[in-house]
Structure formats: C-alpha cells, structure tokens
Amino acid sequence: MKPLGNHVEVTLAMQADDALVAAFARLLPQLSRTAAPLSREALEEIIRSPSNHVFIATMGEDRRIVGTLTLVHFRIPTGVRAWIEDVVVDEQARGLKVGMALTHAAIVKSRELKARTLDLTSNPGRLSAHHLYESAGFIMRDTRVYRYQG
C-alpha cells in the first residue's frame, strides 16, 4: 500500500458509488464483527435519509477513503438533538488525525442544524477513542444507556 500522506479531507457522501461501497465493505468489519455487509441499495438509503449525514475521510494522492462517521439528527419536543454513530477509521490510518477530522466535521454540522446537544457512545475499552472525544470537547455524562432487543 502506498503511503497515505497526512492531509485528511472530510466530505459528505452524496451517493453510494463504487468507491464508497468498497470502502464500507473494508471498514465495517473493523467497526463490528457482527454487522452485516451493506448493499449499495442499503448504503444509498442511509445517505438519502434526511436525518443522516454520512461523512467520509480521504487521504493520499489517490484520495483513498480511510474513515467514516454518521451524524444522525432528529427533532423532539425539547429541540433538535444529534448523535454521532458508527465512527470507523481504517486501521492503517489510525493515529493520523482522521477521527478528529471526522468528529470536527460532525460538530460543525450539528451546529448548523442548531442541535441542542451532540451525543455519542463509545465502548469502554476504546481508550484512544475516549481521548479523541475528550480532546474534541465531549464530556462523559452521568447517565445509563438501556437497550431493548426484543
């Protein structure tokens, strides 16, 4: 693999083209061992949803996709809320500020959306991710997340 260089560019995905489908096929298993592969149609549905903003990070001369982040926003009675979901950085690009660039893009977009809050969850074992989020200004909330899997 060619060196990536160190300039990260973050853009919003506009369509599920071949490069993005291939990138998700490569990146999704690095995020979750149990996530099913995404078809082009499923990825297109995610991108086209008015509540989703799929950010992609590219690096290198060939603009290789090295990371993704999905920002979800929704209106509830207390205002617009936003969540960062499914952040993944290619293992070969970790430590190159890709995660920070994606997170910063999500923060900027959440402000544009006038979201009252921007939340995320992170696996307790992902210490480098915790450091990234804290350095981006996130603080740990005193709350519990419950899940119903009926």
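My aim in this report is to walk through the structure given alongside it, one point at a time. None of the values given here were measured: they were computed from a predicted structure.

## What about the overall build of the protein chain?
Now for step 1: Summing up its helical and strand segments, the protein chain has 4 helices and 5 strands in all.
Now for step 2: If you list the helices and strands of the protein chain from N to C, you get β-α-α-β-β-β-α-β-α.
Now for step 3: The C-alpha atoms of the protein chain give 15 Å as radius of gyration, which agrees with the globular expectation for 150 residues (15 Å, within 12%).
Now for step 4: Considering the protein chain as a whole, with its 150 residues, one finds that 37% of them fall into the buried category.

## Here's the deal with the side chain of Asp119
Now for step 1: With respect to the helices and strands, the residue Asp119 is situated in strand β5 (residues 117–119).
Now for step 2: Those residues in contact with Asp119 that lie beyond four places of it in its chain are Ala82, Trp83, Ile84 and Arg141.

## Here's the deal with the layout of surface pockets
Now for step 1: Of the volumes computed, that of the largest pocket is approximately 1,800 Å³.
Now for step 2: Taken together, 49 residues make up the lining of the largest pocket; nearest its centre are Leu120, Thr121, Ser122, Ala129 and Tyr133.
Now for step 3: For the lining of the largest pocket, the elements supplying multiple residues, two or more each, are α1 (18–31), β4 (79–89), α3 (98–112), β5 and α4 (127–135).
Now for step 4: When residues of the lining of the largest pocket are assigned to their parent elements, the largest contribution, 8 residues, is made by α4.
Now for step 5: Split by residue class, the lining of the largest pocket holds 24 nonpolar, 14 polar and 11 charged.

## Things to note about the packing of α1 against helix α2 (residues 40–48)
Geometrically, a packed helix pair is captured by the angle between its two axes and the distance between the axes.
Now for step 1: Two elements in contact, α1 and α2, have axes separated by 10 Å at closest approach and are oriented at 100 degrees. One element, α1, and the other, α2, form an angle in the roughly perpendicular class. Contact residues: Asp18, Leu20, Val21 and Phe24 in α1; Arg40, Leu43 and Ile47 in α2.
Now for step 2: Split into classes, the residues belonging to the contact of α1 with α2 amount to 5 nonpolar, no polar and 2 charged.

## What about the packing of aromatic side chains?
When we look at a pair of aromatic rings, we describe it by the centre distance and by the angle of the planes.
Now for step 1: According to the stated counting rule, one finds 1 aromatic pair in the structure shown.
Now for step 2: Geometrically, the ring pair formed by Tyr133 and Phe138 is edge-to-face, given 6.1 Å between the ring centres and 70 degrees between the ring planes. For the residue pair Tyr133 and Phe138, the accessibility class agrees, reading buried in each case.

## With respect to the environment of Ile139
Now for step 1: On the secondary structure map, Ile139 appears in the segment after α4.
Now for step 2: Placed 115 residues apart in sequence, Ile139 and Phe24 show a C-alpha to C-alpha distance of 29 Å.

## Considering the sheet that holds strand β3 (residues 64–76)
Now for step 1: Spatially, the 5 strands line up as an open sheet ordered β1-β2-β3-β4-β5, and their pairing is mixed. Each edge of the open sheet is held by one strand with a lone partner, namely β1 (9–12) and β5. Geometrically, the sheet is characterised by an average inter-axis angle of 25 degrees between neighbouring strands, direction not taken into account.
Now for step 2: In terms of strand pairing, β3 meets β4 through 9 bridges, oriented antiparallel. Each bridged residue has a counterpart across the sheet, and for Thr68 the counterpart in β4 is Val88.
Now for step 3: Where α3 meets the sheet, it contacts β1, β2 (52–59), β3, β4 and β5, and its direction lies at approximately 25 degrees from that of β3.

The rules behind each value
Per chain, residues are indexed from 1 in the order of the written sequence. Predicted model: local features are reported for residues with pLDDT of at least 70 only, side-chain atom pairs are reported and counted for 80 or more only, and whole-chain, interface and lining totals are derived from all residues. The side-chain quantities take in all heavy atoms of the structure and omit both hydrogens and water. Going along the chain from the N terminus, every DSSP run of H or I of four or more residues is numbered as a helix, and every run of E of two or more is numbered as a strand. Here the radius of gyration uses the C-alpha set of atoms, whereas the globule reference equals 2.2 Å times the residue count to the power 0.38. Burial status follows relative accessibility: with a 1.4 Å probe on protein chains alone, a residue under 20% of its type maximum counts as buried, one over 50% as exposed, and anything between as partly exposed. Between two residues, a contact is recorded if the distance between any of their heavy atoms is within 4.5 Å. With a 1 Å grid spanning the protein atoms alone, the term cavity applies to any set of points in which a 1.4 Å probe fits but cannot get out, the term pocket to an open set with protein on both sides within 12 Å along at least five of seven lines, and the term lining residue to any residue with an atom within 4 Å of a point. Grid points are joined across faces, edges and corners, and a volume is the space filled by probe spheres set on the points. Residues are sorted three ways: Asp, Glu, Lys and Arg are charged, Ala, Val, Leu, Ile, Met, Phe, Trp, Tyr, Cys and Pro are nonpolar, and all the rest, Gly among them, are polar. Fitted lines through C-alpha atoms give the axes, limited to the stretch in contact for helices. The angle between two N-to-C directions lies from 0 to 180 degrees. For classification, angles of less than 35 degrees are called roughly parallel, those exceeding 145 degrees roughly antiparallel, those between 65 and 115 degrees roughly perpendicular, and all remaining angles oblique. For this analysis, a ring pair means two rings from Phe, Tyr or Trp (six-membered ring only for Trp) whose centres lie within 6.5 Å, classed as stacked if their planes differ by under 30 degrees, edge-to-face if by over 60, and tilted for the remaining angles. The pairing criterion is simple: DSSP has to find at least two bridges between the two strands.

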